[in-house]
Amino acid sequence: MAILPIVMYPDDVLEQRCTKVASFNKKLAKLLDNMYETMIAADGVGLAAPQVGVSQQVAIVDIGDESGIIEMINPEILVTDGEQTGPEGCLSFPGTYGEVSRPYFVKIRAQDRKGRFFELAAEDFLARAIQHEIDHLNGVLFTSKITAYLTEEELERYEEE
Ligand code: CO
């Protein structure tokens, strides 16, 4: 495995719509493994392939709970419900944090690294992380959804609550 350089904003690849994955091969498995190592090294809870310069519909999420690592290839949102507002950051925007409103609940359909379809339901912070990563695959950045920017001090206060 290898730690990959993370693409920083502004880079065109971050605002492009990613292409669908058609080949579920060793190269994809290696990309996923490297993305995971890169995300952990950067202390993130999610990472999308365009953030390592690969414009394909591949994203991972691991918020450190019992859900473990979630690998999403060609994900689609099937259902959303409710609303939550909370702080968000992104590994491609170091030091930038803001309040973002998103649905509280999400149900997705995606493929795993072998190409097998699965459905996953998530709520609260996990749903937020999944939606943030799927946005990346559509070239949508969280800064377009920020309603109020937060300083690092304000973010820490949020985390203490
Ligand atoms: Co991000």
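The structure under discussion appears in the preceding block.
Notes on the structure follow. (Residues numbered from 1 in each chain as written. Predicted model: local features only at pLDDT ≥ 70, side-chain atom pairs only at ≥ 80, totals over all residues. Heavy atoms only, no water.)

Section: the nonpolar core
The nonpolar side chains of a soluble globular protein tend to be buried with one another.
Then, in step 1: Grouped together as the largest cluster of nonpolar side chains are 16 residues, with contacts concentrated most on V61, M72, V106, I108, A122, L126 and I130.
Then, in step 2: Those elements that provide at least two residues to this core are β2 (58-61), β3 (70-81), β6 (105-111) and α2 (124-137).
Then, in step 3: When residues in this core are grouped by element, the largest group, six residues, is from α2.
Then, in step 4: Not counting residues within four places of it along the chain, the set of residues in contact with V61 comprises V45, G46, G68, I69, I70, M72, L126, A129, I130 and E133.
Then, in step 5: Counting 14 residues, the second-largest nonpolar core is a separate cluster that includes I6, L31, M39 and V58. (Core = buried A, V, L, I, M, F, W, Y, C linked by side-chain atoms within 4.5 Å. Buried < 20%, exposed > 50% of the residue type's maximum accessible area, 1.4 Å probe, protein only. Helix = DSSP H or I, 4+ residues; strand = E, 2+ residues; numbered from the N terminus. Contact = heavy atoms within 4.5 Å.)

Brief notes about the coordination of the cobalt ion
Then, in step 1: Coordination of the cobalt ion by the protein is provided by C90 (SG), H132 (NE2) and H136 (NE2), with metal-donor distances spanning 2.0 to 2.2 Å.
Then, in step 2: Here the donor residues for the cobalt ion map to a single chain with the spacing C-x41-H-x3-H. With C90 in the loop between β4 (84-88) and β5 (97-102) and H132 in helix α2, this pair connects stretches of sequence that are 42 residues apart.
Then, in step 3: The class of C90 is buried, set by a relative accessible area of 9%.
Then, in step 4: Under the relative-accessibility criterion, H132 is labelled buried at 5%. (Donors = N, O, S within 2.8 Å, 3.2 Å for Na, K, Ca; no water.)

Digging into the packing of aromatic side chains
Aromatic rings in a pair are described by how distant their centres are and how their planes are angled relative to each other.
Then, in step 1: Counting across every chain of the model gives two aromatic pairs.
Then, in step 2: Geometrically, the ring pair formed by Y9 and F93 is stacked, given 4.8 Å between the ring centres and 20 degrees between the ring planes. With Y9 in the segment before α1 (26-41) and F93 in the loop between β4 and β5, the pair connects residues that are 84 residues apart, well separated along the chain.
Then, in step 3: With a relative accessible area of 7%, F93 lands in the buried category.
Then, in step 4: Ring geometry for F93 and F142: centres 5.3 Å apart, planes at 75 degrees, overall edge-to-face. Note that F93 is positioned in the loop between β4 and β5 and F142 in the loop between α2 and β8 (146-150), a separation of 49 residues in sequence. The residues F93 and F142 share a single accessibility class, namely buried.
Then, in step 5: Within the aromatic cluster, the residues linked to one another by ring pairs are Y9, F93 and F142.
Then, in step 6: Above the ring of F117, the side-chain terminus of R109 is found at 4.2 Å from the ring centroid. (Phe/Tyr/Trp six-rings, centres within 6.5 Å; stacked < 30°, edge-to-face > 60°. Lys NZ or Arg CZ within 6 Å of the ring centre and 35° of its normal.)

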